[in-house]
Amino acid sequence: MWEDWRMSNEITRFHTGAPEGLEKRFAQRASMMQPSEIRSLFAVASRPENGQEALQYGSGQGHPKLREQICDVMALEGIRAHPDDVIVTTGSQQALDLISRIFIDPGDVVLAEAPSYVGALGTFHQYEASVVHVEIDQDGLIPDRLREAIASLRTQGRRIKFIYLIPNYQNPAGVTLSADRRTEILAICREEKIFVVEDNPYGLLGFEKPSPNAMRAEDSENVIYLGSFSKTIAPGFRVGWTLVPQALKEKLVIAAESSILCPSNFSQLAISSYLADQPWRDQIASFCNLYRERRDAMLESLELYFPKGATWTKPDGGFYVWVTLPPEIDTKAMVPDAIAAKVAYVPGTAFYADGLGSWSMRLSYCYPTPERIRDGIKALGGVVTREMTRRQLL
Ligand SMILES: Cc1ncc(COP(=O)(O)O)c(C=O)c1O
């Protein structure tokens, strides 16, 4: 099965050239990004001597062997990619920064799920984007809400640069975008000339069944895909990647080189040997078993200890449950009480660019044992119950 994937992944690559009008979609600063003379030298000079190589500078685009292995990893989610289109990054967080640098001029609009990943929102803000959230439900982003948001922004004459999506086991909401909606959203974005940034660090962490195919598997020209080994191997290596449409590759490599010269060879080679020599898919399966047990402990405890009026998502994978309380409850103001009860959560407002989410919270079950999760949810349920009683909501 694995070999079949590998073989089907040995694809021929055709250069399609840049789409018409692409230059105008970049940020103004992107016109200053020019290729480096030294890059081609590294492509020629790369040698297969691991020890010394690990301590040296490497290719700005990332180690060639690791880029091949990354294509094999992405094949598990239906993506047929060529290693030449992969850029290794210092975690997927760096890819978010590079994409923002290339596309965002002050005031440009970035669309994002409501709620969305706090680290991405922070990056978009630093580049002075205006983030516009689009509503989600248990099946992920709602295509009709996306159409409405685009139409309204276009009427206001706003420039939409890309939509940022976390289709699998979303951070923070824990929901997964359904296969049908993926296709529909891709069609809308192609039609509207809006790039899709698909951030997928959790895709292989499905508990019940594999996640739907990646959006990038369906559209290689309009989807910028972000991957990471942080959630499947270890975040300390800081190894992620982006798989970009060919037309964007040059700009991204230049931006990457100018920020870090090259990703850490040491980390890349450690990950590469692990992928080559260790049963990493079995390891991910055992992580999934562990996280499933923790997710179950959290959902059961929420049922037992949280008061009526609270609702929460039921993730099929990943790390997070999103809890919604009655609108009168301010989860940020409640944090000190929770800490006093020896439990912590992230208040919902962190995951919105516009101050919404004040009656929501993100709970994470990936780290504590089931026993500690039960104790923590019991304590938090007590805090929420007291707050709701105080406000005469119970
Ligand atoms: C959705 C999402 N994207 C990106 C990241 C950053 O990951 P990395 O460690 O690869 O930089 C995270 C980390 O929590 C995340 O949840």
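Residues numbered from 1 in each chain as written. Predicted model: local features only at pLDDT ≥ 70, side-chain atom pairs only at ≥ 80, totals over all residues. Heavy atoms only, no water.

In this structure, what is going on with the site of the ligand? I would like to understand it.
Close to the ligand lie 14 residues, the nearest being Asp199, Tyr202, Ser228, Ser230 and Lys231. Interatomic distance of 3.0 Å between a backbone N/O atom of glutamine 93 and an oxygen atom of the ligand. Between the ligand and arginine 238, the relevant distance is 2.8 Å, taken from an oxygen atom to a side-chain nitrogen or oxygen of the residue. The dominant element in the shell around the ligand, judged by the number of residues it contributes, is helix 6 (residues 91-103), at three residues. Looking at side-chain class alone, the shell around the ligand contains five nonpolar, six polar and three charged residues. (Near = heavy atom within 4 Å. Polar contact = N/O pair within 3.5 Å; in protein donor to acceptor, adjacent residues only side chain to side chain. Helix = DSSP H or I, 4+ residues; strand = E, 2+ residues; numbered from the N terminus. Nonpolar A, V, L, I, M, F, W, Y, C, P; charged D, E, K, R; others polar.)

Sorry, what's going on with the sheet that holds strand 4 (residues 140-141) here?
Across a sheet, strands are paired by hydrogen bonds formed along the backbone, either parallel or antiparallel in direction. Spatially, 1-8-7-6-5-2-3-4 is the arrangement adopted by the eight strands of the open sheet, whose pairing is mixed. Looking at strand neighbours, the two that pair on one side only are strand 1 (86-89) and strand 4, the edges of this open sheet. Against the sheet, helix 5 (residues 64-75) makes contact with strand 1, strand 7 (223-228) and strand 8 (240-243), and its axis sits at roughly 105° relative to strand 1, the strand it touches most. (Pairing = 2+ DSSP bridges. Contact = heavy atoms within 4.5 Å. Axes fitted to C-alpha atoms, helices over the stretch in contact; angles between N-to-C directions.)

Please explain the packing of helix 8 (residues 143-155) against helix 9 (residues 179-192) as it appears in this structure.
Packed helix pairs are characterised by how far apart their axes lie and by the angle those axes make with each other. Between helix 8 and helix 9, the least distance of the axes is 10 Å, while the angle of their chain directions is 15°. As summarised for this structure, helix 8 and helix 9 are arranged roughly parallel, according to the angle between their axes. At the point where helix 8 passes helix 9, the crossing takes the right-handed sense. Contact residues: Pro143, Leu146, Arg147, Ile150 and Arg154 in helix 8; Arg181, Glu184, Ile185, Ile188, Cys189 and Glu192 in helix 9. For the contact of helix 8 with helix 9, the per-class residue count stands at six nonpolar, no polar and five charged. (Parallel < 35°, antiparallel > 145°, perpendicular 65-115°, else oblique. Left-handed = near helix turned anticlockwise from the far one by under 90°.)

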